[in-house]
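# Remarks on the overall topology
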Amino acid sequence: MAPALFSPINVGDTHLLNRVVMAPLTRFRADEGGVPSDLQKDYYVQRSQTPGTLLVAEATYVSPGAGGMKTFGGHVPGLWNEAQIAGWKKVIDAVHAKGCKFYIQLWDLGRTANQQVLEKEGLPFTGPSAIPQKGDKFGDKIRALTVPEIKQKIKDYATAAENAIKAGADGVEIHSANGYLPDQFIHWNSNHRTDEYGGSIENRCRFSLEIVDAISASIGSDKLAIRLSPWTDVQDVEVDQVNTLPTFEYIFRQLQKRADNGQKLAYVHLIEPRVNGTKTKREDIAWQTNEPFRKIWKGPLVRAGGFTRETALEAAASDPLTLVAFGRFFISTPDLVERLEKDEKLNPYNRKTFYSSGPVGYIDYPTYEKAKL
Ligand SMILES: Cc1cc2nc3c(=O)[nH]c(=O)nc-3n(C[C@H](O)[C@H](O)[C@H](O)COP(=O)(O)O)c2cc1C
């Protein structure tokens, strides 16, 4: 019998033939205006070599104000206009032709955006509160979002989700991790609001959960996922022994409650404590564990962060609804699923080209047959 990692599973209304997932990976290769490029198409097609694999596309702006078009050289993809939808459709049609499935991750930078870029584009620099990120190199003239602006942001996520479906995506994943806007609302140190979006745990989690509800209403919860990183403290969001556990237990309880009431997400994507953003932490910290969350959330769980073939096989075997996402090794190894299956060596990755431009370090990593030559 095939190991669990290589056996089928359903996430929402998407049928997968294995439980290896490509993690969302920002690579700055979209064309001007946030239009997905032919280069991106080639990259995702290369990573679609094993039919029935789920690819979660890189974080994608839900609106022009979600980050500023010229941030990162203007090469982050978007999902609010027809050109972007057409660009994604080309990518997704090609991935589907290879038999793989495609989710798009929805992104708003909030206070991690570049103030100067936003100013030039006539857009406000905002976050949950007027608290800049510590050490922000680009400016500190941040202001708190008004409640009507928050409601508009939530609508932007729902519209982007509808656009993803128009482009042919199988679903979307809310980026509520790694210190971006929804995560900034969740965290006590970046959210000092005194209205219904701040203060208590319930209020701090409201933004993420209202996005969940808005997208569920627009495209259906069986095409929706959310990514959470309770133990990640990149971009000045805090992790501590008092607040982290109860805050995230609350979100998981809310997601499970919705599932019990017929609004079940396709999966929850949870980052392992051993990883911080794009890097593995130097050491494990005993009190940081995802086990309490797994006890609450009974549906499909995608675990990401620092997995090897051995730990991925073990994770899938130990829980009937667990999938394992790979980030850095999916960058370096286009035929990753096949190599994991055959226990073949993976290509080393080159961090220097993670965020560069053009084909080098993007579509020139060899498949196993070529790597052997
Ligand atoms: C170059 C690079 C870009 C990333 N971009 C994103 C992103 O757009 N969205 C996201 O949620 N995580 C992003 N991550 C984090 C990965 O999805 C993943 O959680 C992390 O790399 C840990 O998994 P790994 O140990 O398998 O690499 C990125 C990581 C890297 C290395």
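Let us look at the structure shown here. These numbers were taken from a predicted model, which means no experiment stands behind them.

## A few points about the environment of Gly-361
Relative to the helices and strands, Gly-361 resides in the loop between α12 (336-342) and α13 (368-372). For Gly-361 and Asn-350, which are 11 residues apart along the polypeptide, the C-alpha to C-alpha distance reads 7.1 Å. Setting aside anything within four residues of it in sequence, one finds Gly-361 in contact with Arg-27, Arg-29, Ile-331 and Thr-353.

## Comments concerning the pairing of strand β8 (residues 171-176)
Within β8, 6 of the 6 residues are buried, leaving the element largely enclosed by the surrounding structure. Going residue by residue along β8, you find Gly-171, Glu-173 and His-175 tucked away on one face and Val-172, Ile-174 and Ser-176 tucked away on the opposite face as well. Judged from the 4 bridges that link them, strand β5 (residues 101-107) and β8 form a sheet pairing that is parallel. Bridge pairing links Gln-105 to Glu-173 in β8.

## So, the side chain of Ser-176
When you line up the elements, Ser-176 lands in strand β8. Here Ser-208 takes part through its side chain, which lies 3.0 Å from a polar atom of the side chain of Ser-176. Here Ser-176 is in contact with Pro-182, Asp-183, Ile-186, Ser-208, Ile-226, Arg-227 and Leu-228, once residues within four sequence places are set aside.

## Quick notes on the packing of helix α4 (residues 147-166) against helix α7 (residues 206-219)
It is at 9 Å that the axes of α4 and α7 come closest, and there the two elements cross at 40 degrees. The orientation of α4 relative to α7 falls into the category oblique. Seen along the crossing, α4 lies across α7 with a hand that is right-handed. Across from Ile-150, Lys-151, Lys-153, Ile-154, Tyr-157, Ala-158, Ala-161, Glu-162 and Ile-165 in α4, the residues of α7 making contact are Phe-207, Glu-210, Ile-211, Ala-214, Ile-215, Ser-218 and Ile-219. Partitioning the contact of α4 with α7 into residue classes produces 11 nonpolar, 1 polar and 4 charged.

## Here's the deal with the nonpolar core
Of all hydrophobic cores here, the largest spans 87 residues; its most connected members are Tyr-44, Trp-88, Phe-102, Ile-215, Leu-228 and Leu-255. For this core, the leading source of residues is α4, giving 7 residues. Once you skip the residues sitting within four places of it in the chain, Phe-102 turns out to touch Tyr-44, Leu-54, Leu-55, Ala-57, Trp-88, Val-91, Ile-92, Val-95, His-96, Ala-169, Asp-170 and Gly-171. Counting residues in hydrophobic clusters, the runner-up holds 15 residues, among them Ile-9, Leu-16, Tyr-103 and Val-302.

Conventions and cut-offs
- Residues numbered from 1 in each chain as written.
- Predicted model: local features only at pLDDT ≥ 70, side-chain atom pairs only at ≥ 80, totals over all residues.
- Heavy atoms only, no water.
- Helix = DSSP H or I, 4+ residues; strand = E, 2+ residues; numbered from the N terminus.
- Contact = heavy atoms within 4.5 Å.
- Buried < 20%, exposed > 50% of the residue type's maximum accessible area, 1.4 Å probe, protein only.
- Pairing = 2+ DSSP bridges.
- Polar contact = N/O pair within 3.5 Å; in protein donor to acceptor, adjacent residues only side chain to side chain.
- Axes fitted to C-alpha atoms, helices over the stretch in contact; angles between N-to-C directions.
- Parallel < 35°, antiparallel > 145°, perpendicular 65-115°, else oblique.
- Left-handed = near helix turned anticlockwise from the far one by under 90°.
- Nonpolar A, V, L, I, M, F, W, Y, C, P; charged D, E, K, R; others polar.
- Core = buried A, V, L, I, M, F, W, Y, C linked by side-chain atoms within 4.5 Å.

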